[in-house]
Amino acid sequence: MSRLQACWFVPLLVAGCTPAVESEPAAEPIVPIAAARLVRLAEHLDSARIDSPMLEVQPVDVKDDNSGIVTDPMLTVDFERKVEQTLRWPKTAGCSVVDHPDLDGDSKAMLYAGRRPHECFFLIPAEPSTHYRVSRAVRSKDPLVDLQVLELRVPVRHAETFNHPKDVAAATAGKFVSARDLLYVHAFPAPADDRWQQDTIHVLTSPFARSLLVMVHDAESLVVTTRKRVHFDDLVVQQLRPTPEQALALLKLQMPAEGADPARGLYKHGQFLP
């Protein structure tokens, strides 16, 4: 057979053969994040080291008034004067301004009596992706009754009038906030021991936030009639304007890994690909 004939024969031979199909190996299951094991590379590699400018930034607690962060006051309510008219709560609201239970003179506080907590509210305009510091004092026997900070995508269109009825109506839907408008709920540490305690939380709003709604949370009273005596005082909301370095210092204390040193940097969790 000539070389030219062989060249025609070989393609025909190949075309007439059916290639063997190999079975694909079974894919390894992806380990759920909840079951994944925390691996710190620095503990397994002798030469591993962390080299990051984050190590040079010292963490800052949002409660630190000496941090040098510029603050703008958004809301200060000490209840030292009768403020129901200013707050524009409905007459059916379960909150009122009363004499302070532990201070003499003209000192006042807010009393929640155990009904219609959703009508005890403070609506504040907010900016997206912005830091806020919120503090309150509380005295309660019930750890499930407290103020909460609700982050909403609803804008405040009548900022010149605090708690304007049209703004409140747009932000709330009866006893609840619409799931479409609610972005996040920020909670204070639970009150305890029927004693006064002052707490401060750090709120970093999402890119879609347009307002903050501070509201009494008491899930039990929404379904049954209850009688309670929970006192609140010194509600303060401040907007923080940190520099980029100060913002990193604030975030270093947010959601740290269990047992992690916040001075080492931000905590991220994830999963290696199989």
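What counts, and at which threshold
Residues numbered from 1 in each chain as written. Predicted model: local features only at pLDDT ≥ 70, side-chain atom pairs only at ≥ 80, totals over all residues. Heavy atoms only, no water. Helix = DSSP H or I, 4+ residues; strand = E, 2+ residues; numbered from the N terminus. Buried < 20%, exposed > 50% of the residue type's maximum accessible area, 1.4 Å probe, protein only. Contact = heavy atoms within 4.5 Å. Arc of directions from axis to C-beta. Phe/Tyr/Trp six-rings, centres within 6.5 Å; stacked < 30°, edge-to-face > 60°. Lys NZ or Arg CZ within 6 Å of the ring centre and 35° of its normal.

> How would you sum up the environment of Pro-143? Please name residues and give values.
Assignment of secondary structure puts Pro-143 in the loop between strand 5 (131-139) and strand 6 (146-152). Residue Pro-143 is classed as partly exposed on the basis of its relative accessible area of 44%. For the pair Pro-143 and Asp-194, spaced 51 residues apart in sequence, the C-alpha to C-alpha distance is 9.3 Å. Apart from residues lying up to four places away in sequence, Pro-143 is in contact with Ala-190 and Pro-191.

> How would you summarise helix 4 (residues 244-251) if you had to cite specific residues and measurements?
Along an α-helix, residues three or four positions apart point the same way, because every turn accommodates 3.6 residues. Those residues of helix 4 that sit buried are Gln-246, Ala-247, Ala-249 and Leu-250. The arc that holds every buried residue of helix 4, seen down its axis, measures 160°, which confines them to one face. Set apart from the buried face of helix 4 by more than 90 degrees, the exposed residues are Pro-244 and Glu-245. Those residues of helix 4 that are buried are in contact with strand 5, strand 8 (197-204) and strand 10 (230-241).

> Talk me through the packing of aromatic side chains; I want residue IDs and the actual numbers.
This model, assessed by the stated rule, comprises one aromatic pair. Seen in terms of ring centroids, Trp-89 and Phe-122 are 5.7 Å apart; in terms of plane orientation they differ by 80°. Their pairing is edge-to-face. Taken together, the positions of Trp-89 in the loop between helix 2 (84-87) and strand 2 (95-99) and Phe-122 in strand 4 (residues 121-125) put the pair 33 residues apart, joining distant regions of the chain. Judged on exposure class, the residue Trp-89 and its partner Phe-122 are both buried. Sitting over the ring of Phe-188, Arg-136 keeps its end group 4.4 Å from the ring centre.

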